[in-house]
Amino acid sequence: MRVYEAIEQMRSMSAKGEMFSFSFMSYSYSRKKSEGIVTVEHARLTKQSRAEKNRFASHMLNYMDMDTMETHQCWQPLLLELNGEPLILD
């Protein structure tokens, strides 16, 4: 599955109140550092940031970890897996 197809599935599932699992490679632009692969077992996407608040908003996903109820962000091109299915960046 392609990354952008996976993002559409994630948005659709979130809109229906469904959860999904996904993995991505972490990366902090400000620290220029990765903590490696992150796997979230139960997630839902949250509202996207506005470009005025985050200049990279169009390249990021906001999500809530439903196990911890914490919100986080990840880079769209660094998505690796959705519900156990590997993704391809195309």
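Please refer to the structure placed before this passage.
Presented here is a report on the structure given in the accompanying data block. Bear in mind that the values here come from a model prediction, so they are computed numbers and not experimental data.

The rules we used
Residues numbered from 1 in each chain as written. Predicted model: local features only at pLDDT ≥ 70, side-chain atom pairs only at ≥ 80, totals over all residues. Heavy atoms only, no water. Core = buried A, V, L, I, M, F, W, Y, C linked by side-chain atoms within 4.5 Å. Buried < 20%, exposed > 50% of the residue type's maximum accessible area, 1.4 Å probe, protein only. Helix = DSSP H or I, 4+ residues; strand = E, 2+ residues; numbered from the N terminus. Contact = heavy atoms within 4.5 Å. Pairing = 2+ DSSP bridges. Salt bridge = Lys/Arg side-chain N within 4 Å of Asp/Glu carboxyl O.

## Here we look at the nonpolar core
Okay, so step 1: Within the largest apolar cluster, 17 residues are counted, with the highest numbers of intra-cluster contacts made by Met10, Phe20, Phe22, Tyr63 and Leu79.
Okay, so step 2: For this core, the secondary-structure elements that each account for two or more residues are α1 (3-15), β1 (20-25), β2 (37-45), β3 (60-65) and β5 (79-82).
Okay, so step 3: If near-sequence neighbours (up to four positions away) are discounted, phenylalanine 22 is found in contact with Met10, Val38, Thr39, Val40, Ala43, Tyr63, Cys74, Leu79, Glu81 and Leu82.

## A few points about the sheet that holds β5
Okay, so step 1: The sheet built from six strands is open, its strands ordered β4-β3-β2-β1-β5-β6 with antiparallel pairing. The open sheet terminates on both sides in strands that have one partner only, identified here as β4 (70-75) and β6 (85-86).
Okay, so step 2: Summarising the sheet, β1 and β5 pair through three bridges and their orientation is antiparallel. When the bridges of β5 are listed, serine 23 appears paired with glutamate 81.

## Details of the pattern of salt bridges
Okay, so step 1: Within this structure, the stated rule accounts for three salt bridges.
Okay, so step 2: Across the pair glutamate 8 and arginine 11 runs a salt bridge whose closest N-O atoms are separated by 3.2 Å. Here glutamate 8 pairs with arginine 11, and both are found in helix α1, just three residues apart, close to one helical turn.
Okay, so step 3: With relative accessibility at 47%, the residue glutamate 8 sits in the partly exposed group.
Okay, so step 4: Judged by relative accessible area, which is 35%, arginine 11 ranks as partly exposed.
Okay, so step 5: A salt bridge links glutamate 52 to arginine 50, with the nearest nitrogen and oxygen atoms 3.9 Å apart.
Okay, so step 6: Under the relative-accessibility criterion, arginine 50 is labelled exposed at 58%.

## Let's talk about the pairing of β1
Okay, so step 1: Counting buried residues along β1, five of its six residues qualify, which places the element largely inside the surrounding structure.
Okay, so step 2: As defined by bridge partners, β1 adjoins β2 across five bridges and the pair is classed as antiparallel. Within β2, the position partnered with methionine 25 by the bridge is isoleucine 37.

## Observations regarding the environment of leucine 78
Okay, so step 1: Within the element layout of this structure, leucine 78 appears in the loop between β4 and β5.
Okay, so step 2: Note on leucine 78: relative accessible area 27%, which makes it partly exposed.
Okay, so step 3: A C-alpha to C-alpha distance of 8.6 Å links leucine 78 and leucine 89, two positions eleven residues apart in sequence.

## Here we look at the pairing of β5
Okay, so step 1: Relative to β6, β5 is paired through two bridges, and the arrangement is antiparallel. Counterpart to leucine 82 in the pairing with β6 is glutamate 85.
Okay, so step 2: The antiparallel hairpin formed by β5 and β6 contains two residues in its connecting segment, where asparagine 83 sits at a positive phi of about 50 degrees.

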